[in-house]
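These are the residues of each chain, in order.
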Amino acid sequence: MSSGPRRRRAGQEAEGLQESLLGEDYSSSSGPAYGSRQQQIIVHQPFSIDTFIGFVLDSWLVFIRTLSRCVQSLLGGGSGLSLSLTQAERLEELQERLAVPHDSANPAHQQQLRELWALAFPGQPCEALKTPKWKDMGWQGDDPGTDFRGAGLFGLENLLYMGTHHPGLFSQLLHKTQGSRADWEYPFAVAGLNLTFALSEVLGIAGSSPGKLPTTAAGRAFCALLAESDAAFEEVYCIAFALLDRVWLARKASYMQFNAVLKEVRGQLEVALQARPKSIQ
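Residues numbered from 1 in each chain as written. Predicted model: local features only at pLDDT ≥ 70, side-chain atom pairs only at ≥ 80, totals over all residues. Heavy atoms only, no water.

Peer 1: Even after reading the chapter, I still don't get the overall build of the chain, so can you show me in this structure?
Peer 2: For the chain, the count of helices and strands is 9 helices and 0 strands. Along the chain, helices (α) and strands (β) appear in the sequence α-α-α-α-α-α-α-α-α when read from the amino end. Across the 281 residues that make up the chain, the buried fraction comes to 40%. A fraction of 69% describes how many contacts in the chain between residues 6 or more apart in sequence connect residues 24 or more apart. (Helix = DSSP H or I, 4+ residues; strand = E, 2+ residues; numbered from the N terminus. Buried < 20%, exposed > 50% of the residue type's maximum accessible area, 1.4 Å probe, protein only. Contact = heavy atoms within 4.5 Å.)

Peer 1: Even after reading the chapter, I still don't get the packing of aromatic side chains, so can you show me in this structure?
Peer 2: The description of an aromatic ring pair rests on the distance of the ring centres and on the angle between the ring planes. Per the stated rule, a full pass over the model turns up 12 aromatic pairs. The interplanar angle of 45° and the centroid separation of 5.0 Å between the aromatic rings of phenylalanine 154 and phenylalanine 233 together place this pair among those described as tilted. Linking phenylalanine 154 in helix α4 (residues 152–165) with phenylalanine 233 in helix α8 (residues 232–250), this pair joins segments that are 79 residues apart in sequence. Geometrically, the ring pair formed by tyrosine 186 and tryptophan 248 is edge-to-face, given 5.0 Å between the ring centres and 80° between the ring planes. Of this pair, tyrosine 186 sits in the loop between α5 (167–175) and α6 (188–202) while tryptophan 248 sits in helix α8, and the two are 62 residues apart along the sequence. Since its relative accessible area comes to 2%, tyrosine 186 is described here as buried. In textbook terms, an aromatic cluster arises when at least three aromatic residues are bridged by ring pairs, as seen for Trp117, Phe121, Trp134, Trp139 and Phe148. (Phe/Tyr/Trp six-rings, centres within 6.5 Å; stacked < 30°, edge-to-face > 60°.)

Peer 1: Explain α8 here, please?
Peer 2: Since one α-helical turn is 3.6 residues long, residues separated by three or four positions face the same way. If you check α8, its first and last C-alpha atoms are 27 Å apart, about what 19 residues at 1.5 Å a residue would give, namely 27 Å. Where burial is concerned, most of α8 is hidden: 14 out of the 19 residues are buried. In the stretch just after α8, lysine 252 is the one whose phi turns positive, near 50°. (Expected span 1.5 Å × (residues − 1).)

Peer 1: Just to check I follow, could you spell out the environment of aspartate 143 for this structure?
Peer 2: Structurally, aspartate 143 can be placed in the loop between α3 (107–120) and α4. Taking the C-alpha atoms as reference points, aspartate 143 and lysine 130, separated by 13 residues in sequence, lie 4.7 Å from one another. Residues in contact with aspartate 143, not counting those within four places in the same chain, are Leu129 and Lys130.

Peer 1: When you look at the packing of α3 against α5 in this model, what are you seeing that I'm missing?
Peer 2: For any two helices packed against each other, the geometry is given by the interaxial angle and the distance between the axes. At a minimum axis separation of 10 Å, α3 and α5 run at an interaxial angle of 80°. As judged from the angle between their axes, α3 and α5 are roughly perpendicular. Residues Leu116, Leu119 and Ala120 of α3 pack against Phe170, Leu174 and His175 of α5. Classifying every residue of the contact of α3 with α5 by side-chain character gives 5 nonpolar, 1 polar and no charged. (Axes fitted to C-alpha atoms, helices over the stretch in contact; angles between N-to-C directions. Parallel < 35°, antiparallel > 145°, perpendicular 65-115°, else oblique. Nonpolar A, V, L, I, M, F, W, Y, C, P; charged D, E, K, R; others polar.)

Peer 1: Would you explain the pattern of salt bridges in this entry?
Peer 2: Close approach of charged atoms lets side chains of opposite charge pair. A full pass over the atoms with the stated rule returns 8 salt bridges. Here glutamate 185 ties to arginine 181 by a salt bridge, and the two come within 3.1 Å at their closest N and O atoms. One continuous salt-bridge network, built from bridges that share partners, spans Arg97, Glu157 and Glu234. (Salt bridge = Lys/Arg side-chain N within 4 Å of Asp/Glu carboxyl O.)

Peer 1: I tried to follow the nonpolar core on my own but got confused; where do I start?
Peer 2: Considering soluble globular proteins, one finds that nonpolar side chains tend to be buried as a cluster. Met137, Trp139, Leu159, Phe188, Phe222 and Phe241 are the most contacted members of the largest nonpolar core, which has 64 residues in total. Broken down by secondary-structure element, the contributors of at least two residues to this core are α2 (85–98), α3, α4, α5, α6, α7 (217–226), α8 and α9 (258–274). Per-element tally for this core: the top contributor is α8, with 11 residues. If near-sequence neighbours (up to four positions away) are discounted, phenylalanine 241 is found in contact with Leu159, Met162, Leu173, Tyr186, Phe188, Ala191, Gly192 and Leu195. (Core = buried A, V, L, I, M, F, W, Y, C linked by side-chain atoms within 4.5 Å.)

Rendered as structure tokens:
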């Protein structure tokens, strides 16, 4: 995303066989009648056996992958869960995004950090990716690239999503504008990364291979929300972050109680999702 990550992988279209494996030259039965005196000139194009075999294999791989999704949707992977193709595709994409590590040397990842900076510090240009100013956003040191760990790039994308789609909530949580705050508050950015990883565990998709069904009741219930939105995870993430801040204030917590607060939030999320909400709202 330019201001937030986008959902579908570049170049991904509707999967399936898009053309005859034999090509257009073999789709017609028309040709010279037997016994015709008219001579037919046939011009043969250069033929590459490697190209032909590669095309056939690629086409069948697409077909087998689509067939596998259909079977999994119908059978629910033995879990009693039945997904539509839309839900299955969105779940697989989510799992793939969760597996992408943050790479400090990747220009695209660097640009996303600059976009997050612009959301957090409007009007202040990001002159360096290593500066003490990052601590004001809740990173642990001068270099945010050292904080990602289990959350990966998706942790950054979740922060960007909230800043782009829910700027009021983003500002409120970043600047701690609600309630009576502790002297030693939780760090906003690092808390966001922890929430990304915690939520993926609650949903039973942390570290799972693409296409594998969620392993928890909360995750299986979450799949219903994927039918409603391709940003279901991000929306639940924003709700979870707001819940974390609310529990934090209610417990009058300080920095050393962060893990206890996060554990309580995880429990509340599990209960809420297991109730099978029909909408993210």
